[in-house]
Amino acid sequence: MTALPGLSDETAGLLLGGAPVRIAAVGVPEFAEVPRTAGAEVTALDWRPPAAGEPEAAWRLAELTGHPAVEAANREAVARLLAVRPVWTRVLPAREAIAALGDRSRRLLLHAGPPLAWSAMCGPMRAGVIGAALLEGWADSPEAAERLADSGVLEFEPCHHHEAVGPMGGIISPSMPLIEVEDPATGRRAYSNLNEGAGRCLRYGALGADVMERLRWMGTVLAPALSAALGARGEGVDLRAVTAQALQMGDECHSRNTAASTLLLRELAADLCETAHAREVLRFLSDNHYWFLNFSMAAAKLATSAAHGVPHSTLVTAFARNGVEVGIRVGGLGDAWFTAPATQVRGLYFAGYGPEDANPDIGDSAITETYGLGGFSLAAAPAITGFVGGTVEEALRTSRDMARISLARHEAYRLPALGGVGAPVGIDVRAVLDTGIVPVVTTGISHREPGIGQIGAGLTHAPLECFRKALDAMAVPASEIASGTGSP
Amino acid sequence: MEQATDDIAPDDGTVRTVNSLRRDTYADSVALMRAARTLGALPGVSAASLVMATEANLRLLADARLLTAEAERAGPNDLLVAVRGHADALADALAAVDGLLAQPDSPAAPDAPTARALTEADPGTALALISTPGPYAAAEALKALRRGMHAFVFSDNVPLDQEIRIKQEAHRAGLLAMGPDCGTAVIDGIPLGFANVLRPGRIGLIGASGTGLQQVSCLLDAHGEGVRQMIGTGGRDLSADVGGITTLDALELLDADPGCELIVLVSKPPAPEVAEQVLARAARAARAGKPVVACFLDGARSVPGGRVTVAGTLRDAASAAVGRLGGKSREGFTPPHLPVPSGRWLRALYAGGTFAYEARRILPDAATGTGPAGAQIRLPDCHLILDLGDDAYTAGRPHPMIDPTVRAAHLRVALADPRTAVVVLDVVLGHGAGPDPAAALAAELRRVPAAERPPVVAFVVGTDADPQDRAAQEARLREAGALLAPTSTDAIEWAAALVPAHRPERSQELTAAGGAV
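None of these values were measured; they are calculated from a predicted model.

The rules we used
Sequence order as written defines residue numbering, which begins from 1 separately in each chain. Lettering for chains starts from A, numbering for ligands starts from 1, and both go in the order in which the items are written. For this predicted model, a pLDDT threshold of at least 70 governs which residues receive local features, and a threshold of 80 or more governs which side-chain atom pairs are given and counted, while totals over whole chains, interfaces and linings are taken from all residues. Side-chain descriptors were evaluated using all non-hydrogen atoms of the structure, hydrogens and water having been removed beforehand. Numbering goes from the N terminus for both helices and strands, where a helix is a DSSP run of H or I of at least four residues and a strand is a run of E of at least two. Our radius of gyration is a C-alpha quantity, and the globule rule it is checked against amounts to 2.2 Å times the number of residues to the power 0.38. A simple rule labels every residue: compare its accessible area, found with a 1.4 Å probe on the protein chains alone, to the largest value its type can have, and call it buried under 20%, exposed over 50%, or partly exposed in between. It only takes one pair of heavy atoms within 4.5 Å for two residues to be counted as in contact. With residues, only the protein chains shown are counted as cover, and all accessible areas are computed by Shrake-Rupley using a 1.4 Å probe. As used throughout, the charge tally considers Lys and Arg to be positive and Asp and Glu to be negative, leaving His and the chain termini uncounted. Where a charge lies is defined by one atom per residue type, namely NZ (Lys), CZ (Arg), CG (Asp) and CD (Glu). When two parts are put together, the accessible area they lose, computed with a 1.4 Å probe and summed over both, is reported as buried area. Each salt bridge in this description consists of a side-chain nitrogen of Lys or Arg and a carboxyl oxygen of Asp or Glu lying within 4 Å of one another. Within 3.5 Å is the distance limit for a polar contact, defined as a pair of N or O atoms, with the added protein rule that one can donate a hydrogen and the other accept it, and that residues adjacent in sequence qualify only through two side-chain atoms. Each residue is assigned to one class: nonpolar for Ala, Val, Leu, Ile, Met, Phe, Trp, Tyr, Cys and Pro, charged for Asp, Glu, Lys and Arg, and polar for all the others, Gly among them. Should DSSP find at least two bridges between two strands, the strands are regarded as paired. Domain delimitation in this document rests on an assignment produced automatically or drawn from a domain database. Per-residue confidence from the predictor is reported as pLDDT, a score between 0 and 100. Like charges within 9 Å and nonpolar side chains (Val, Leu, Ile, Met, Phe, Trp, Tyr) within 5 Å are joined into patches, using only residues over 30% in relative accessible area that form no salt bridge. Here the axes come from fitting lines to C-alpha atoms, over the contacting stretch only for helices, and the angles between their N-to-C directions go from 0 to 180 degrees. Here, the term nonpolar core denotes a set of buried Ala, Val, Leu, Ile, Met, Phe, Trp, Tyr and Cys residues that are joined through side-chain atoms within 4.5 Å. Here the angle decides the label: under 35 degrees means roughly parallel, over 145 means roughly antiparallel, 65 to 115 means roughly perpendicular, and every other value means oblique. Should the near helix be turned anticlockwise from the far one by less than a right angle, the crossing is left-handed, and should it be turned clockwise, the crossing is right-handed.

## Concerning the overall build of chain B
Item 1. Each helix and strand in chain B was counted, giving 15 helices and 20 strands.
Item 2. For 517 residues, the compact-globule formula gives about 24 Å, and the C-alpha radius of gyration of chain B, at 34 Å, lies well above that figure.
Item 3. Viewed in the frame of its principal axes, chain B has a C-alpha envelope of about 110 × 50 × 40 Å.
Item 4. Counting over 517 residues, chain B shows a buried share of 56%.
Item 5. Long-range contacts, defined as pairs at least 24 residues apart, comprise 71% of the intrachain contacts of chain B with a sequence gap of at least 6.
Item 6. If you sum the accessible surface of chain B, you get close to 20700 Å²; carbon and sulfur atoms cover 52% of it.
Item 7. Looking at charge distribution, chain B has the averaged site of its 48 positive side-chain charges lying 7 Å from that of its 61 negative ones.

See below:
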């Protein structure tokens, strides 16, 4: 026991410090009234059983709370995450960017979310596989592509296992062009594919001549044009600056990228003018309000990957969905995925579609939420609150709630509607389990059948079960406090 | 954030213009203008501008003669700070820029949601008051301690190993873990749990028994003595497993506090080795001039003059404390003479567990239960000492100090039973207790004419300042025909004396602290 707190005469002998004495109460509400009668400021918390209501898990969570080794690990992880400056440097074929895709002896496809087998894939992802097999010339019809996949010749691995992210189905095949985002200070890189635009897209599981034609055009016309424009520009594009500005202009950079796409196009426009097919490239890009999404995702992957791998860190470094399962990765827990069944998305549907048509939550795009964007920056994007049938006030509350489960605020990403505070960044597994507040994700909705495509957009969340499983995998680090040496 | 070397262009004499460049830093123009306004108002600064270095903005700066050669390297994604002023003011102005940019536009929204977790509580929170279901309570306490808060844990049914862990953690952190199963405390004059309104004063109390602490502190209050601190430890603190961690920490605190002139310890009998350790620590305090009164409810007679005064009952603990401080203890209670009752057995129906313990010391063979909860109440054919605050009677309903229903039902059955010789009742006042605890008991007494029922001995634990008004509660009981005793100890001694003499049977071993009682 240390000496009595309080160095001044006024507080000598006092155990609770000077007035006003602050007390937090959990449990029976009537008990909160008792100390109030003596002038204490009592906050009766809106308590609920932590850790999904399992007492043993709640105790483990408590052991990790305020633990010096965990706190230090999270400080390190957050510092790494915030230090990343994502710069778009190149456009290049996937086989050149990702070594495993360059191996011509393999027929490897990358997909969104945690690992899963072809036999388990949902409709939209199966369509993506078929489209990719056609694009690569591995099959000459959708039926042949399915037979090929059934035969076991095709291999599947998550994008996330190759420093890449893909929206919705997230299928990346060797010949698809990828954008490369680099942190100049460390040389670390991350990748995403190029956005196909709205409507019928392979990423949403649409198939057909139009979809295939656009994919080929993206490889043969769009990618070379972007490459040439980047080359002419002479330097990469700082995506952090674009994102910071877009948050001031009504984007949350996951489900609304209108401002960011415009800003990015503005950065390139002058140099794109000089490239071949400039008019059709510019028209394609100016029609696509979503084309920044993949940049936002690659930037987020770059930053969260930098934060990954700090022992004992409880920072969530990935949240991804494959349409069947969703999973998180945690900074201090290695390469493991902590999964739960994919959730349904609550949202608005295009005419003629409804919740019964919707595929469960899918895509790597929720990486943006782990980077403080999307649902975490919903306050920046009042225009999309209609997706949830919600109000602007609810959007503000969502960003405030996300701050309660985040370790930091982003210094550059500011939320004007919340008085210019930084976007909450760095999901803490402990805070999610302690409060029961789950990360909110803004996302598109894909039809559950292959070949149809996007049918709506809305909000969903990362299930508590993922965090609960991650907690089970966390060891309580030995520390001076835990091992019992001396008093502080 | 990359900051270029500042470049100072001489103007005339001591006035200079400085440009400072932050590469790849975006800030909204409104935020920049606000920062510029603040910089411009600094002493010695004549002009300031913060802009994104677009060509248009650079032209504006050039027109305002705020541009230096530095800006030649600036691009539209760079933030340019331009300040003109006295040379010695420029460094301060530039140093202020980061702070200004880090400020939110306006104060955080006032309608912050209610925190759910202790980890979200205001960092200035000094204490966590925990009354969650027992399986979660220790986890909440551990989180509170990790956040630098003291913990008051009312919850019971907390695993023993977790109790030990939180108490060890509190000890190392220099904090108090009061409980689990801690019924009362008054810390810095602030009542916690079931607590009476006590006058402030010079006595420090430490107790592993909630109603015991309430009884002793109320008796001290009646003597004009006040409480410096009243630290509850939880019922198991002095068990061999827990080893008195909180009791010893509390002793340390009160010993070091010059405002505390005497320490009173109240507990059911500790494990012998723990008692030894606690008494040794108490003796150290006493040797250094701070008297200690220890009451372990074991009936040991008060031994005045020793370093540590040992008192066997709650009543004697209070008198010994008053005596050690030079005060005069109240005259001993002499009960009025009453006719021998027709029944044989004593029925003590307590809301306070400590009183049941104290009573069993006098009537060790008394039964402790009345059959399964919810079933018909069956009184045993022997003495009965009931702790109606026990889990068996509180499952699914509030403590009898709050909800009198269960006790009133038992009282009705006891009054109607011709075998009942005398009934004993406690009425505990203070915060947390019901608004009029005597009412339901008095109503039961009035149902039966006094001549047709056994005598009822009652005592009120409370102070004049308690919200229920002690005098009014006593009057209500007296009007209903109850006999009033001044203390729990007097009540049970009086009632036991009323019982017709019976052949003493072999005493059963009383359970020590931490046992099943």
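## Quick word on the interface of chain A and chain B
How big an interface is tends to be expressed through the accessible area that disappears when the partners come together.
Item 1. Taken together, the contacts link 67 residues of chain A with 70 residues of chain B.
Item 2. Across the interface of chain A and chain B, roughly 6100 Å² is buried in total on both sides, 61% from carbon and sulfur atoms.
Item 3. At the junction of chain A with chain B, the criterion picks out five salt bridges.
Item 4. Among the ionic pairs, Arg85 of chain A bridges to Asp24 of chain B, the shortest N-O distance being 2.7 Å.
Item 5. Inspection of the region where chain A meets chain B yields 26 residue pairs in polar contact (both at pLDDT 80 or more).
Item 6. When contributions to the side of chain A that touches chain B are tallied by element, the ones reaching two or more residues are β1 (22-27), α1 (29-36), α2 (55-64), α9 (239-247), α13 (392-404) and α14 (429-435) of chain A.
Item 7. The residue makeup of the side of chain A that touches chain B, split by class, is 34 nonpolar, 18 polar and 15 charged.
Item 8. Relative to strand β6 (residues 127-131) of chain B, β1 of chain A is paired through five bridges, and the arrangement is parallel. Opposite Val26 of chain A, over in β6 of chain B, you have Ile130 of chain B as the bridge partner.

## A short note on the domain arrangement of chain B
Item 1. One can read the domain layout of chain B as domain 1 (2-102), domain 2 (118-324) and domain 3 (345-498).
Item 2. Its C-alpha centre places domain 1 of chain B at a distance of 80 Å from the equivalent point of domain 3 of chain B.

## Remarks on the confidence of the model for chain A
Item 1. Averaged over every residue, the pLDDT of chain A is 93; the share at 70 or more is 95%.
Item 2. Low confidence marks residues 481-488 of chain A, where pLDDT is under 50. Its contacts with residues over four positions away, or in another chain, come to 13 contacts.

## Structural notes on a nonpolar patch on the surface
Residue and element names in this part refer to chain A.
Item 1. On the surface, Phe350, Tyr353 and Ile452 cluster together into a nonpolar patch covering about 250 Å² of accessible area.
Item 2. Relative to the helices and strands, Tyr353 is located in the loop between β13 (346-349) and β14 (362-363).
Item 3. For Tyr353, a relative accessible area of 34% corresponds to the partly exposed category.

## Describing the sheet that holds β1 of chain A
Item 1. Taken in spatial order, the five strands line up as β2(A)-β1(A)-β6(B)-β7(B)-β8(B) in an open sheet, and their pairing is parallel. Both outer strands of the open sheet, β2 (41-44) of chain A together with β8 (177-178) of chain B, are each paired with one neighbouring strand and no more.
Item 2. Relative to β2 of chain A, β1 of chain A runs parallel, the two sharing four bridges. Looking across to β2 of chain A, one finds that Ala25 of chain A is bridged to Ala44 of chain A.
Item 3. Helix-sheet contacts for α1 of chain A involve β1 and β2 of chain A together with β6 of chain B, and the interaxial angle to β2 of chain A is about 170 degrees.

## Things to note about the pattern of salt bridges
Item 1. Taken as a whole and judged by the stated rule, the model has 53 salt bridges over all chains.
Item 2. Its salt-bridge partner being Glu465 of chain A, residue Lys469 of chain A comes within 3.2 Å of it at the nearest N-O pair. One end of the pair is Lys469 of chain A and the other is Glu465 of chain A, both in helix α15 (residues 464-473) and four residues apart, which spans about a single turn.
Item 3. On the accessibility criterion, Lys469 of chain A (35% relative accessible area) is partly exposed.
Item 4. For Asp426 of chain B, the salt bridge goes to Arg407 of chain B, with nearest N and O atoms at 2.6 Å. You can see Asp426 of chain B sitting in strand β18 (residues 420-428) and its partner Arg407 of chain B sitting in helix α12 (residues 405-416), a full 19 residues away along the chain.
Item 5. A single network of salt bridges, built from pairs that share partners, joins Arg90, Glu180, Glu182 and Arg189 of chain A.

## Let's talk about helix α9 (residues 314-324) of chain B
Residue and element names in this part refer to chain B.
Item 1. Buried residues of α9: Leu314, Arg315, Ala317, Ala318, Ala320, Ala321 and Val322, and no others.
Item 2. The inward-facing, buried residues of α9 abut α6 (210-222), β13 (262-266), β14 (292-295), β15 (308-311), α10 (353-362) and α15 (488-498).
Item 3. Of the residues trailing α9, Gly326 is marked for its positive phi of about 85 degrees.

## Some details on the nonpolar core
Item 1. Formed by 125 residues in total, the largest nonpolar core has its most connected members in Trp88 and Leu226 of chain A together with Leu50 of chain B.
Item 2. Looking at this core, the element that brings in the most residues is helix α8 (residues 209-233) of chain A, giving 12 residues.
Item 3. Setting aside residues no more than four positions away along its own chain, Leu50 of chain B makes contact with Leu32, Ala35, Ala36, Leu39, Leu79, Leu80, Val81, Val97 and Leu101 of chain B.

## Some words on the side chain of Thr489 of chain B
Residues and elements named next belong to chain B.
Item 1. Inspection of the secondary structure assignment puts Thr489 in helix α15.
Item 2. Using a relative accessible area of 0% as the deciding quantity, one classes Thr489 as buried.
Item 3. With sequence-adjacent residues up to four places away left out, Thr489 is seen in contact with Thr313, Leu314, Arg315 and Glu358.

## Comments concerning the domain arrangement of chain A
Item 1. For chain A, the domain assignment lists domain 1 (18-47), domain 2 (69-81 + 310-473) and domain 3 (87-297).
Item 2. Taken over C-alpha atoms, the centre of domain 1 of chain A sits 33 Å from the centre of domain 2 of chain A.

## Here we look at the packing of helix α6 (residues 123-135) of chain A against α8 of chain A
All names here are of chain A.
Item 1. Packing of α6 against α8 brings their axes to within 11 Å, and their N-to-C directions diverge by 55 degrees. Comparing the axis directions of α6 and α8 gives the class oblique. The handedness of the crossing between α6 and α8 comes out as right-handed. For the pair formed by α6 and α8, the contact residues are Gly131, Leu134 and Leu135 on the first element and Met212, Leu215 and Arg216 on the second.

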